[in-house]
Amino acid sequence: MMQIDSIKLHLCLGAGCSVSIKNSFGKMFSRAVLILISLFIISGISTGKSSFLADSLVSPVFASDAQPADSDGEATADGEAAAEEGPSVWAPAPPPKLEASDYPIVEGWNARISVWIVAQLHLFFAAFVLGVPIFVWVIEIVGFITKDNRYDRMAHEFIKVAMTGFSLTASFGGLLSIMLAVFYPDFMEYMVSVFGKTMLIYALLFFVESFFVYTYYYGWDSMNDGGKKKMLHLFLGLMLNISGMSLMVLSNSWAAFMMAPSGLGADGAFLGNVWAAVNGPLWNPLNLHRFIANIAYGGSLTAAYAAFKFISATTPEDRAHYDWMGYQSFFIAIVGLLPLPFAGYWLTKEIYDYSQQMGITLMGGVFAWLFIIQAVLIGAVFLSANYYIWCSLGRTNGADRYKFMIQPLGLVIIFAFLVWFTPHTLVMTSTEMSQVGGTHHSVLGPLGVMAAKNGAVNLLILSTFLSFQMFSRSNTEVVGTGFWAKNGTAIQIGLYTAGIVNILALSIWSYFIPAALRIGLSIPQVVTTLIVCVVAMIIDMLRNRGTRDIAEMKWGNMPIRSQYSLFMLAGSFTWLMGLMGYCRSGIRQHWHVYTVFRDNSTEAFTPTLPYAAGMVTLICAIFLLLILFMFWMPMLASKKKKEQPQPDSAVEAG
Amino acid sequence: MFNIIKIVFFCLVIWVGFAAYTLVGIPLIIPAAPPVEERLTGEITMEQFVALGDRVFHGKGTCTLCHNALLRAPLLDSIGAEAEAILKDPRYKGEATTGEEYLHESLVHPSAFVVAGFGKKGTNDTVSPMADVSKGAIALSDVEMDAVTAYLQSSAGVDVTVALPSGDAPVEEEEVAEVKPAENATEALMKFECSMCHTHPLIEEGGDTGPDLTPLVTRAATMKKGMSAKQYLVEAILDPNAMIVEPDTYDEDTMPDDYADRMTVTEMNMIVDALLGKEEKKEGGE
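**Student:** An account of the environment of Gln525 of chain A is needed here, citing residue identities and associated values.
**Tutor:** Residues and elements named next belong to chain A. Within the secondary structure layout, Gln525 lies in helix 19 (residues 522-543). Gln525 gets classed as buried once you look at its relative accessible area, which sits at 1%. Separated by 66 residues in the primary sequence, Gln525 and Leu459 place their C-alpha atoms 9.8 Å from one another. Here Gln525 is in contact with Asn454, Gly455, Asn458, Ile503, Leu506 and Ser507, once residues within four sequence places are set aside.

As structure tokens, then:
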């Protein structure tokens, strides 16, 4: 691998130990590639594991002599005949048609609200404890390969934070199961009749995951010999991730089945092939979307943890350490965030392919306005991310050369953000409507259509990437005389200019063409953005061959307010997750299992957006209290440890 | 501890801000209640049967989700009249022999004939993206599909040929008798289906068969010489053919002229006030 990093930083940590911190764009890129490769390995192995599970699930879950399914998934005549033999033999049965009176009423409890709160809290924690071990494992590998102990220490600290999360996740999962059984017994009976076998595997996997969680965490120090024991430890981490991913894909299959059921007959009766029910049309899109989102979410929460520790730090060493930790977490969150929309597009496409009605309900019906809110939230994420990067210039020594770019970049980002969330139609009274001159404002109206929004979002991504590039080179200066060292920046300026002109031109052109063609133009715009980012990054790598560090990076030299942008990032992610959870679940409308098993409870109605927003806010507030508890636990442990005398061997070498 | 309080406060401000934006900045759309299967409990007239089809078309059938002015699917205003002609189209591949049969067939086998430009992508208009409405999430009963067919024929102005349901599927007399008066202008506009043809701020998703009602807030007073704004609007509602706005664009006899029999005075006043922009205080909170 090319040796392109040239920034060396020395940072005092703890009791006089010195740690060398290297940082450069090239290093970041190498690390990003390593992260992506490792993620690919994890997902690949998890998929392999899923295939193994698939093999075991293809056989009917119920009495094998009773109801085999043919290759088309239809119940055979033999199976039907066998079904008539007696009650001990299973036969496919359609889901029951329930009445409101079939739903138990527990005094003092609202079934749907209770399940909503507990399910969302379970998902928040699950996303965190599934996401964190992925990048902990990757960071540990990076530390193992580079022999840089800082990575190992950071990975250990991350997993320490997540440990309390495991028990909270399991607690909420248990509570959710009980609530579902109490409030929706018929629904659960039906789900068990379809997924009983996978539910048992799911429960058993908890033991497997627990084994690897505890051996991985508690074996960290004793296996940290940099050799065979460390490799064994990495194997434990891999198994932890595989068991976690297996848990996730299993539970995803239930959620995906509820949205797009498969493996059922025309009357909704389960045909006996569990794999057909598991492997529904939305299963893999949901798996991928949640896998990536978990990483982004885990990164954002650990960044918030580091920010909290940074603000609370009393020594420059601690500030430096948590500043560095916050930056790494922030980097992970952004790496996870960028591919997320593409996974979302795939999921949405599959929803449309499965049921156009469901797709239109999602994007053109009751939930259409939700995506304006989503735009605001993602805009908030981008704004906070850029603000954090601009503040990060304070850590470098040559930032003055780039600070003039902050203001124009900020203006572009704010403008793009405003365009992104400008609605096409506005809420107005009759008088306002007449004053405006119609349902669409003459200036704002055109900004509300996709033509403008596509341009805005691409400019937003490009500006963010430019901010990041600005930071990555702000501590370097050109000393070489090679072609790229001399001309790299000029070529990059040309590249960005051409890219922006192309994006804007396509946006303007799309106002003048039919809607069907307009939608297609979003693809060349995204491709333009990706090309600019990738080519600019490659040019940076080539340019860095002829650069050197100006001085050491000043970790810890960040204003306190910059840390609030990390809270903003995590807060926006959390609220967004809650909102999109409502959306994903809500597009089933009045169905427990879409088109198959109707929800006839008194609360089968689809909640309005403000109602959902209130619920999400309430859930986020509860989550915040729990997450503070989760952050507090490792601090409590550290406090206790500090009070005890430290053996010399425990002092980390720089 | 002070840091924790600051962080908690900061997060709560963000989240409450998001929720407030959702409440204030986004139009309140109340999702339709879960559909109820239409049950007939008595003798039924053709008028009631067509009305039932109207309800199914705009409600449980979710037809207007796509068949609307946004043209996700073709408009069906005149499909009842065009059905016979479609049978002679060389691209028609169904088995219907009459217009009525075709309308029913199009509900359960939408690909029998796909209007040019509305087929699934890549199928060259041979496959319809529409689902069989007798199954899946919509799951209309035979009676409901017949009612929709009757409604489509009626709304196109052709004779309704659908047979009324037999005696074992009687009419919902009680429900028909229990039509409640609208409580506000929005409800009144919905009740009298103004949204089918007109657009207005109080109408969530309007049609374009009739003129946009929005400009009336300033123009009603000058629409007809010698009439106040209110007088003009009352006449336009009760006697819609008295003056056709833009006769080149809008046809006579399109708007029902029986509102005098169906509308209460209060309902009419509410609609008129809303069109004149006097309902802001009442509607503002909605």
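**Student:** Please give an account of the confidence of the model for chain A that cites residues and values.
**Tutor:** Residue and element names in this part refer to chain A. Across chain A, the average pLDDT comes to 81, with 80% of residues at 70 or higher. Ranking the helices and strands of chain A by mean pLDDT puts helix 6 (residues 228-259) first, with 95, and strand 1 (residues 8-13) last, with 31. A low-confidence stretch, residues 39-86 (pLDDT under 50), is modelled with 72 contacts involving residues beyond four sequence positions or located in other chains. pLDDT under 50 marks residues 646-654. Its contacts with residues more than four places away, or in other chains, come to eight contacts.

**Student:** Lay out helix 17 (residues 483-509) of chain A in plain terms, naming residues and giving numbers.
**Tutor:** All names here are of chain A. Its 27 residues place the ends of helix 17 37 Å apart at the C-alpha level, agreeing with the 39 Å of an ideal helix rising 1.5 Å per residue. When the local axis directions of helix 17 are compared, the greatest deviation, roughly 35°, occurs at Thr489. All of the buried residues in helix 17 are Ala485, Gly488, Gln492, Leu495, Tyr496, Gly499, Ile503, Leu506 and Ser507. Those residues of helix 17 hidden inside the fold are in contact with helix 16 (450-473), strand 3 (476-478) and helix 19.

**Student:** Pulling in residues and values, what's your account of the pattern of salt bridges?
**Tutor:** All names here are of chain A. Going through the model one piece at a time under the given rule, you end up with eight salt bridges over all chains. Here Lys230 ties to Glu140 by a salt bridge, and the two come within 2.7 Å at their closest N and O atoms. Of this pair, Lys230 sits in helix 6 while Glu140 sits in helix 3 (residues 111-146), and the two are 90 residues apart along the sequence. Of the two residues, Lys230 and Glu140, neither departs from the other in class, the shared state being buried. Two residues, Lys230 and Asp152, come together in a salt bridge whose shortest N-O distance is 2.6 Å. Highlighted residues: Lys230 in helix 6 and Asp152 in helix 4 (residues 149-183), separated in sequence by 78 residues. One continuous salt-bridge network, built from bridges that share partners, spans Glu140, Asp152 and Lys230.

**Student:** Run through the interface of chain A and chain B, naming residues and quoting values.
**Tutor:** The figure often quoted for interface size is the accessible area lost as the parts come together. Taken together, the contact pairs 48 residues of chain A with 42 residues of chain B. For the pair chain A and chain B, the two sides together bury roughly 4100 Å², of which 77% comes from carbon and sulfur. Counting across the interface, chain A meets chain B through zero salt bridges. Between the two partners, chain A and chain B, sit one residue pair in polar contact (both at pLDDT 80 or more). Residue assignment for the side of chain A that touches chain B shows that the elements contributing at least two residues are helix 8 (283-312), helix 11 (356-363), helix 12 (370-392), helix 14 (430-436), helix 20 (560-586) and helix 21 (609-643) of chain A. The leading source of residues in the side of chain A that touches chain B is helix 21 of chain A, at eight residues. For the side of chain A that touches chain B, the residue count by class is 30 nonpolar, 17 polar and one charged.

**Student:** Explain the nonpolar core to me, using residue names and the numbers behind them.
**Tutor:** Generally speaking, soluble globular proteins have nonpolar side chains that are buried together. Counting residues in each nonpolar core, the largest one holds 190 residues, and the members touching the most others are Phe257, Trp575 and Val593 of chain A. Sorting elements by how many residues they give to this core places helix 3 of chain A first, with 22 residues. Residues in contact with Phe257 of chain A, not counting those within four places in the same chain, are Tyr190, Met191, Val194, Phe195, Ser262, Leu264, Ala277 and Val593 of chain A. In terms of nonpolar packing, the next biggest core, distinct from the first, is built from 30 residues, Leu76, Tyr102, Phe113 and Ala147 of chain B among them.

**Student:** If you had to explain the environment of His590 of chain A to someone new, which residues and values would you point to?
**Tutor:** Within the element layout of this structure, His590 of chain A appears in the loop between helix 20 and strand 5 (591-593). Residue His590 of chain A is classed as buried on the basis of its relative accessible area of 8%. Residues His590 of chain A and Glu603 of chain A, 13 residues apart in the sequence, show an inter-C-alpha distance of 8.9 Å. Contact partners of His590 of chain A, with chain neighbours within four places excluded, come to Arg598, Asp599 and Ala604 of chain A together with Pro34 and Pro35 of chain B. Within the local environment of His590 of chain A, its side chain forms a polar contact with the side chain of Trp591 of chain A, the two groups lying 3.3 Å apart.

What counts, and at which threshold
Residues numbered from 1 in each chain as written. Chains lettered and ligands numbered in written order. Predicted model: local features only at pLDDT ≥ 70, side-chain atom pairs only at ≥ 80, totals over all residues. Heavy atoms only, no water. Helix = DSSP H or I, 4+ residues; strand = E, 2+ residues; numbered from the N terminus. Buried < 20%, exposed > 50% of the residue type's maximum accessible area, 1.4 Å probe, protein only. Contact = heavy atoms within 4.5 Å. pLDDT = per-residue confidence, 0-100. Expected span 1.5 Å × (residues − 1). Bend = angle between axes of the 7 residues up to and from the residue. Salt bridge = Lys/Arg side-chain N within 4 Å of Asp/Glu carboxyl O. Buried area = accessible area lost by both parts, 1.4 Å probe. Polar contact = N/O pair within 3.5 Å; in protein donor to acceptor, adjacent residues only side chain to side chain. Nonpolar A, V, L, I, M, F, W, Y, C, P; charged D, E, K, R; others polar. Core = buried A, V, L, I, M, F, W, Y, C linked by side-chain atoms within 4.5 Å.

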